[in-house]
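# Tertiary structure, described
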Amino acid sequence: MEAGKKRLATLVGCNYAHTRHELNGCINDVHAMRDVLVSRFGFAPGDVALLTDAPGSAVLPTGANIRGALAAMIGRAEPGDVLFFHYSGHGTLIPPVRPHHGWHKPDEAIVPCDFNLITDLDFRQLVDRVPRGASFTMVSDSCHSGGLIDKEKEQIGPSTVAACSSAAVRKARAMPFESVLSHLASLSGIDSLHVGDHLVELFGAEASARFSNGGKHPMPDPLGHDDGILLSGCQANETSADMSPYEAGGKAYGAFTNAVQVVLFEKEGAVGNKELVMGVRKVLREQGLSQHPCLYCSDENADAPFLWPPPHHQQLRACM
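Residues numbered from 1 in each chain as written. Predicted model: local features only at pLDDT ≥ 70, side-chain atom pairs only at ≥ 80, totals over all residues. Heavy atoms only, no water.

- As recorded in an unreviewed UniProt entry, the protein goes by the name Caspase domain, listed as coming from Musa troglodytarum.

### Re the packing of helix 6 (residues 255-266) against helix 7 (residues 273-286)
- Orientation of helix 6 relative to helix 7, taken along the N-to-C sense of each, is 115°, at an axis distance of 9 Å. With respect to helix 7, the axis of helix 6 lies roughly perpendicular. Of the two possible hands of crossing, helix 6 and helix 7 adopt the one that is right-handed. In this structure, helix 6 uses Ala255, Phe256, Ala259, Val260, Val262, Val263 and Leu264 to contact helix 7, whose residues at the interface are Leu276, Gly279, Val280, Val283 and Leu284.
- Across the contact of helix 6 with helix 7, the residue classes tally to 11 nonpolar, one polar and no charged. (Axes fitted to C-alpha atoms, helices over the stretch in contact; angles between N-to-C directions. Helix = DSSP H or I, 4+ residues; strand = E, 2+ residues; numbered from the N terminus. Parallel < 35°, antiparallel > 145°, perpendicular 65-115°, else oblique. Left-handed = near helix turned anticlockwise from the far one by under 90°. Contact = heavy atoms within 4.5 Å. Nonpolar A, V, L, I, M, F, W, Y, C, P; charged D, E, K, R; others polar.)

### So, the nonpolar core
- Phe85, Phe123, Phe136 and Val195 are the most contacted members of the largest nonpolar core, which has 45 residues in total.
- Ranked by residues supplied to this core, first place goes to helix 2 (residues 63-76) with five residues.
- Contacts of Val195, omitting those with residues within four sequence positions, involve Ile94, Leu117, Phe177, Leu181, Leu184 and Phe211. (Core = buried A, V, L, I, M, F, W, Y, C linked by side-chain atoms within 4.5 Å. Buried < 20%, exposed > 50% of the residue type's maximum accessible area, 1.4 Å probe, protein only.)

### Considerations on the sheet that holds strand 4 (residues 91-94)
- Spatially, 4-5-6 is the arrangement adopted by the three strands of the open sheet, whose pairing is antiparallel. Unpaired on one side and paired on the other, strand 4 and strand 6 (118-119) mark the two borders of the sheet.
- Direction of pairing for strand 5 (residues 107-110) relative to strand 6: antiparallel, over a ladder of two bridges. In the strand pairing of strand 6, Ala109 is matched with Thr119. (Pairing = 2+ DSSP bridges.)

### Quick look at the environment of Glu268
- Looking at the element boundaries, Glu268 is found in the loop between helix 6 and helix 7.
- The exposure class of Glu268 is exposed, given its relative accessible area of 78%.
- Along the backbone, Glu268 and Arg40 are 228 residues apart, and their C-alpha atoms lie at a distance of 9.9 Å.

Structure follows, in structure tokens:
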């Protein structure tokens with residue numbers, strides 16, 4: 001394949017089967033998204049890494065495995081490449097338990113199958129490693145997903161629209177922080193209210209950078225243009241719905257992931273990131289759901305086509 005023309009994806013689905021946190025539609029989400037990537041966006045099947053906690057899965061979506069897959073994808077990237085990460089599973093909010101270390105706000109995190117949390121800071125550090133001229137698009141169908149790339153600019157954010165009820169059967173893809181802390185404490189055996197103590201004890205160097213060095217985490221210098229793009233299933237203070245419509249032939253799915261596919265199906269050709277998120281908000285509103293998807297990215301990428309090469313790559317090639 002021509003340099004700078006690769007399309008690489010990492011798709012993660014966590015259903016947490018046979019636990020009290022079990023979800024239904026996350027694995028279905030990533031299989032459906034893989035089909036969309038291949039059929040519409042030209043991704044080669046061999047360049048789409050799939051991590052699920054389905055029985056017999058080749059690679060489980062542990063914290064270390066997800067980080068490793070993303071690092072490997074970014075390591076292959078060159079200017080002009082399109083990188084995509086989709087996550088369907090639980091999300092959580094980590095309270096600011098150590099404000100004296102400069103940690104003043106709750107932090108968004110995803111919950112891998114082993115509970116080795118991946119935080120907004122981890123995603124910030126991954127995006128900062130993406131080569132200039134490549135794009136990294138992240139779709140997170142999880143609760144509290146707004147802001148999952150730390151310090152990324154908000155383009156479409158919190159809404160004050162009144163909550164609506166839903167006739168469909170749904171479950172929130174939210175894992176209360178207390179449940180995360182309780183589970184980790186039962187494994188680590190440590191008597192501590194600080195989640196970082198448990199994560200470092202259990203996972204060592206594989207724990208989030210948010211909790212390393214006693215909570216002190218200097219930000220790396222960005223490597224040039226910021227091409228991180230986050231499409232979140234909801235605002236940071238909201239939940240995302242896991243749908244189980246018990247109808248004939250019905251299949252569990254994430255409301256946000258399904259709405260993304262609905263908008264893409266209805267529109268031919270390129271669809272801008274902002275256009276896509278606004279379309280998804282409309283679909284969810286019509287379905288009676290109260291979550292509000294958000295968009296975080298640079299001004300340039302707000303109007304750029306979803307999963308197409310960044311526009312400034314063409315300028316870079318013209319100067320070569």
